[in-house]
Amino acid sequence: MTAHEHVKATRETWMDAARHALITAGEEQVKVALLGAQLGVSRSSFYWYFRDRQDLLDALLEEWEATNTAALVAQAQAPAANITAAICNVFKCFVSQDTFHTPLDFAIRDWARRDESVRAALDASDARRLDALQEMFARYGYAPTDALVRARVLYYMQIGYNAAELNEPMERRITLNPYYVACFSGQDPTAPDLAAFAAFARQQVGERHDEQS
């Protein structure tokens, strides 16, 4: 491997290429030779950063846990004046590409259908996310079973919403947000809660537009 290759193929570039392959083609296409050809570097470059292909796959799983699962848990635990504000905090997680990587989440779910160890990691992650949401409802006075059911409805609705790939305009989501929050909480959200979420969501759209310009 040349010094030029070492500079060109950083650990981050290998991870970016592997993540893209996982999302677009599945884990079977996360292969060192294929990724090296895409990056225009020799396979030896790979071994500066990873022991082998399994090490790279493990790194993808760890990244997913450290972004998606950790982000949702953090948003569920974020301070909020009331349950409707807390739910809006969780919704912020799903409108920020920097916070929750939806395509990666579904790539992991697809991978889990063919790999028992990934299935176990996914099950543990889902359980951790649901526990955080149930604890969120419990903090605001919901009884244990009520908190559990509301957490499940909120979480599985969001997973289903993402799976449906509605490509709904953000303004439409903002318009419907009061009804979603009321449905999940049984309470009407306050105007400040809704305004804060709307401002955050519009900022995300603006930043994506700037990146694409």
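Look above for the structure.
Procedures and definitions
Residues numbered from 1 in each chain as written. Predicted model: local features only at pLDDT ≥ 70, side-chain atom pairs only at ≥ 80, totals over all residues. Heavy atoms only, no water. Phe/Tyr/Trp six-rings, centres within 6.5 Å; stacked < 30°, edge-to-face > 60°. Helix = DSSP H or I, 4+ residues; strand = E, 2+ residues; numbered from the N terminus. Buried < 20%, exposed > 50% of the residue type's maximum accessible area, 1.4 Å probe, protein only. Polar contact = N/O pair within 3.5 Å; in protein donor to acceptor, adjacent residues only side chain to side chain. Contact = heavy atoms within 4.5 Å. Core = buried A, V, L, I, M, F, W, Y, C linked by side-chain atoms within 4.5 Å. Salt bridge = Lys/Arg side-chain N within 4 Å of Asp/Glu carboxyl O.

Novice: What exactly am I supposed to notice about the packing of aromatic side chains here?
Specialist: Aromatic rings in a pair are described by how distant their centres are and how their planes are angled relative to each other. Overall, the coordinates contain nine aromatic pairs when judged by the stated rule. Arranged with centres 6.4 Å apart and planes meeting at 10°, the rings of Y180 and F184 form a pair that is stacked. Of the two residues, Y180 and F184 are both situated in helix α9 (residues 170-185); the distance of four residues between them amounts to about one turn of the helix. Look at Y180 and you get partly exposed, because its relative accessible area is 26%.

Novice: For this particular structure, what's the right way to read the side chain of S125?
Specialist: Looking at the secondary structure, you find S125 in helix α7 (residues 116-139). For S125, a relative accessible area of 1% puts it in the buried group. At 2.4 Å, the side chain of S125 forms a polar contact with the side chain of T69. Excluding residues within four positions of it along the chain, S125 makes contact with W64, E65 and T69.

Novice: What is the right way to read the nonpolar core from this model?
Specialist: Soluble globular proteins: nonpolar side chains tend toward being buried together. Counting 32 residues, the largest nonpolar core has I87, L133, M136 and F137 as the members making the most contacts within it. With nine residues, helix α5 (residues 83-95) is the single largest residue contributor to this core. In contact with L133, not counting residues within four places along its chain, are L72, A76, V90, A151, L154 and Y155. Within the second largest apolar cluster, 27 residues are counted, among which are V30, A59, L61 and W64.

Novice: Please clarify how the environment of A78 should be interpreted in this entry.
Specialist: Along the polypeptide, A78 turns up in the loop between α4 (53-77) and α5. Relative accessible area serves as the criterion here: at 17%, A78 is assigned to the buried category. In this structure, the C-alpha to C-alpha distance between A78 and V90, residues twelve residues apart in sequence, is 8.8 Å. In this structure A78 touches N89 and R139, once residues within four positions along its chain are discounted.

Novice: How should the pattern of salt bridges be read in this particular structure?
Specialist: A pair can form between side chains of opposite charge whenever their charged atoms are brought close. Here the structure, examined in full by the defined rule, presents 14 salt bridges. Across the pair D146 and R150 runs a salt bridge whose closest N-O atoms are separated by 2.9 Å. Here the residue D146 and the residue R150 both occupy positions in helix α8 (residues 144-164), the gap between them amounting to four residues, near one helical turn. In this structure D146 comes out as partly exposed when scored by relative accessible area, which is 30%.

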